[in-house]
Amino acid sequence: MEADGGAEPVLGFGPFRLMPARKLLLRDDAPVRLGARATELLIALAERAGELLSRETLEASAWPTTVVEETSLRVHVSALRRALRDGEDGARYITNVPGRGYCFVAPITRLHETVATPSAARAPTGVERVPVDTLSALAAASPLPNRLTSLVGRESAITTLADQCAQRRLVNVLGPGGIGKTTVAVAAAERFHQQHPEQPVCFIDLSLITDAAHVNSALAAAFGLADFPDDPLGALVRLIGTQPTLLVLDNCEHVISGVASLVPLLMERTPGLRLLLTSREAIGVEGEWTFRLAPLELPSQSLGADETLAFSAVRLFVERARARDEGFRLSDADAPLAAELCRRLDGIPLAIEVAAARLEQFGLRGLVAQVDAGFLHLKRDRRTGASRHEALSAMLDWSHRLLTESEQVILRRIAVFRSPFSLRSALRVCADAQLSETDVINGLARLRSKSLLSRVTLGDIVKHRLLEQTRAYALEKLAHSDDEDAVRRRHALLVGELLAEAQRNWPTMAKRQWMTVHGTLLRALHTALSWSFSPSGDPLIGASLTAVAWPMARYLFLEDYETTIRRAIAALDKLAEPPLPLLVQLHVGMASHVQERLGTGPESRAAYDRAAELAARSGDPVHGVEALIGQISDAMGRDDGQRAAALARQLRQLAVANDNAVAAAVADRLLAQALHFAGDQPQARQLARAVLEHPVQRGPLASLAGVVDHRVSMEVLLARVLWLQGSADQAAAAARSSLQLAEMDSPVAICQALALAVCPVLLWRGENDEARLYANQLLEQAQRLGSGQWLYVARAYLDIADARLQPGRTRAQPWMDADRGTSFPFAEDQLLAIEASEWHDDCLTRADQGTAGWCAAEVWRLQALRLQADGKTAEALALLQRSIELARSQGALAWALRSATSLARLLQQQGRHDEALATLTAVHRQIDEGEDTADVIAASALLASLRTPEHQGQR
């Protein structure tokens, strides 16, 4: 009879399952006979697999209240090995380090399952397998790092991990610092990809982030999704989809809570995803399979050179020593010393490599003496997640003592860099009265030669980088030094210079190259801002950094940057005489973020006006340009083309007066857009063509006009103008061109092309099926960006297309309630110009006031139809005539055709067929393309009916 089952932890290894709570070991579901002492020893070893447990520790587990002979432990371990069949068919479970202790070396699977009694034990529930589909090359977004050195002694671990990655969805490689988790994981991922070439492998290094709350954002940014700050997880899910992918997350331990929160959600929403993690501890989620990476193999006794080299720890030491000294050979006399050194280093690869780098300085016997003197005492506490790598810290203590005083100073100063840094940056931060630039250059070279600094190549750019553990150690040294604030001040000032350089490069550098060169500034900026606004910092420097950086927010993935801007403004407001240029930049930045989030409204307008007021007081033409661009953006958002055009002309005058070619190009671009919205389509078209030929193809980053290339914005504008001028086919081609250019630019550009060109032109043409497809694409992009305005428009386009495709369907208008509290006047006019049911009285007010000139003729036509429905025929006729006259004066043939069609239809209803025919013919004859568009088809059908014999001669 079976006993009742219950959920309990189970440790799986090879064919065995160990149930500590029941003191039970199963092999292939059959109980294994073990004595009580052997069982306790097995539990102690397996629960701390990969750790070297001393004789005292094991005796305390098996004989907690008894003093036993030393041979007792050896006898019980031997019995345990026999029961496990240790050594048969290559299986290894327990190894011994003479004089040090025992280690359980087999991979462990930690399960939580319902277990039956031994008499009817069932196999553990397996992990559900996910079908593998064919996949395009996704791994280019975040490829595996190249291995610069050979792997020693890890073939078995690599094979095991690669196999487990194929069988399971979540594998975690555990081990202390320096054990080689990253190296082995990368090699296993490479092996997995060789075996499954249809599945891409991506690599994310989490060591560069410090806040667990930013794990989602860090992953999104690494995949080039820096434009989607509001929903990075959603962006990742949409990128990966259901495609089979192996994602390697490296260095999870310091952000383990963020990883533990992300992983279940990511696995649930991306069924084809497999995860390979490296960490000091398990993340503790369902389905996790842990593999504790054991130290390298160590010889247990004195052997000759050849026999000693059979052990991987010694082989690694010799190989790395030869890399520095080709003449080094391990002799029989030195073999015991090498073995002893590796044993004292516990077989940890990183410690062995650092020791090998010191061989020339101390010699083999001297290295052993250094360990004996306590300079490399390895004390580990792997069970405390918050503790640092104690073994590595001891090793770094030792290495630090070997540095000269100037090298120690340089090491702690470069610790302020969270990402790879250039020699120029190191000189700016490290050099001072104490250290000359020559001292710093030579010191960096020596640090690199001593394996404390690595070189990173980004394209053709060579930079330096501290390992995360080394940097953490050096930061502690910096914190206890007298020069921390001076170093951090120099670093913050350097970040300001680099941000300014990034802005200067923006108009001329390709965006992909710009991101490669400047994209890592995010980490440096966070570091600099944290110090600047700290009690010992300088808030003026912080405000300056904030002002320079706000335009890069969407490209450098700066989360909640609006709050950062407000903090900087508050800091400046406390000063008796705050710098006006900084306040101008900050108010423009705040307004732009508010406008993007909530649309055009009192808050953003007040910030733009405040910036303009401050710019006027400062007399600084550069900041006057920024304030004017902000006010033009505000006017366009309110669909006030007249004011936008006046401000754009003012901007051009200011740019020309100050010989600012970039600002002049931006002014022409904005003026072309403003003229279009004001209703002057011929001038808008002419100026758009001129902007496309301008050598400057992108505005300054410190403006909304700088976010999207001129080519994209002008192709968007031409698509709209061409449609209004009656060139429907040319408009469609321009719209497609704008989207193609936008896809090579940015998600912001894609939104503009879809919202302002592709979807409107398709809906105007009556191509509703295709319009719906692109509206869905717009919705997806807008959700990634978190843009309220484009979300509003995308939902409306979808609703319009659905209503047209399903006649009689009730309009859902889901955006009306979802976007309360936002203000998008231009979007309201745009939607009404597409669909009559989008009526807003505010649209008529703007048309009557002349602010929304571009669509005024269409708004008046729709108002005339409303008057006609109310029986006010005479007023409707007059307004339709007025609409046609306005459209003709603007060169808006599309609106003239619509109004002429409505007027002809009204005249036909009154029996005035000849007048109707003449009115419509006068406009229709000007149309020479777009015969298959909805408006031309409707006009042509009405003309045909007016030309029938029964209507000839009727007045």
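Predicted, not measured: the structure shown is a model, and the values here were computed from it.

Caption draft 1: Spatial organisation of the overall build of the protein chain. A count of helical and extended segments in the protein chain gives 43 helices and 15 strands. The long-range fraction of contacts in the protein chain, counting pairs at least 24 apart against all pairs at least 6 apart in sequence, stands at 69%. When the accessible surface of the protein chain is split by element, carbon and sulfur atoms take 49% of a total near 39400 Å².

Caption draft 2: Examining the side chain of R490 more closely. Looking at where R490 falls in the secondary structure, it is placed in helix 19 (residues 484–505). Note on R490: relative accessible area 17%, which makes it buried. Beyond its immediate chain neighbours, meaning those up to four positions away, R490 contacts R413, R428, V429, C430, A431 and D432.

Caption draft 3: Molecular detail of the environment of T470. Note that T470 resides in helix 18 (residues 468–479). Given the relative accessible area of 5%, T470 is considered buried. Look past the residues within four positions of T470 in its chain and what remains in contact with it is L396, L411 and L452.

Caption draft 4: Region of the structure containing helix 39 (residues 856–869). Over its 14 residues, helix 39 extends 20 Å from the first C-alpha to the last, a length consistent with the 20 Å expected when each residue adds 1.5 Å. The buried fraction of helix 39 amounts to 10 of the 14 residues, a majority that puts the element mostly inside the structure. What helix 39 keeps buried is the set A856, A857, E858, V859, W860, R861, L862, Q863, A864 and L867. Those residues of helix 39 hidden inside the fold are in contact with helix 37 (825–834), helix 38 (841–849), helix 40 (873–890) and helix 41 (893–909).

Caption draft 5: A look at the packing of helix 37 against helix 38. Running from N to C, helix 37 and helix 38 cross one another at 95 degrees; their axes reach a closest spacing of 10 Å. Classified by the angle between their axes, helix 37 and helix 38 sit roughly perpendicular to one another. On the side of helix 37, the interface is formed by P825, E828, D829 and L832, while helix 38 contributes D842, C843 and R846.

Caption draft 6: View of the sheet that holds strand 12 (residues 273–279). Spatially, the five strands line up as an open sheet ordered 10-11-12-9-13, and their pairing is parallel. Each end of this open sheet is capped by a strand with a single partner; those strands are strand 10 (201–205) and strand 13 (289–292). Pairwise comparison of adjacent strand axes, ignoring direction, gives a mean angle of 20 degrees for this sheet. In this structure, strand 9 (residues 170–174) lies alongside strand 12, joined through five bridges in parallel fashion. The partner of N172 across the bridge, within strand 12, is L277. This element, helix 5 (residues 181–195), spans strand 9, strand 10, strand 11 (245–250) and strand 12 of the sheet and lies at about 160 degrees to strand 12.

Parameters and conventions
- Residues numbered from 1 in each chain as written.
- Predicted model: local features only at pLDDT ≥ 70, side-chain atom pairs only at ≥ 80, totals over all residues.
- Heavy atoms only, no water.
- Helix = DSSP H or I, 4+ residues; strand = E, 2+ residues; numbered from the N terminus.
- Contact = heavy atoms within 4.5 Å.
- Areas by Shrake-Rupley, 256 points an atom, 1.4 Å probe, with all protein chains shown as cover.
- Buried < 20%, exposed > 50% of the residue type's maximum accessible area, 1.4 Å probe, protein only.
- Expected span 1.5 Å × (residues − 1).
- Axes fitted to C-alpha atoms, helices over the stretch in contact; angles between N-to-C directions.
- Parallel < 35°, antiparallel > 145°, perpendicular 65-115°, else oblique.
- Pairing = 2+ DSSP bridges.

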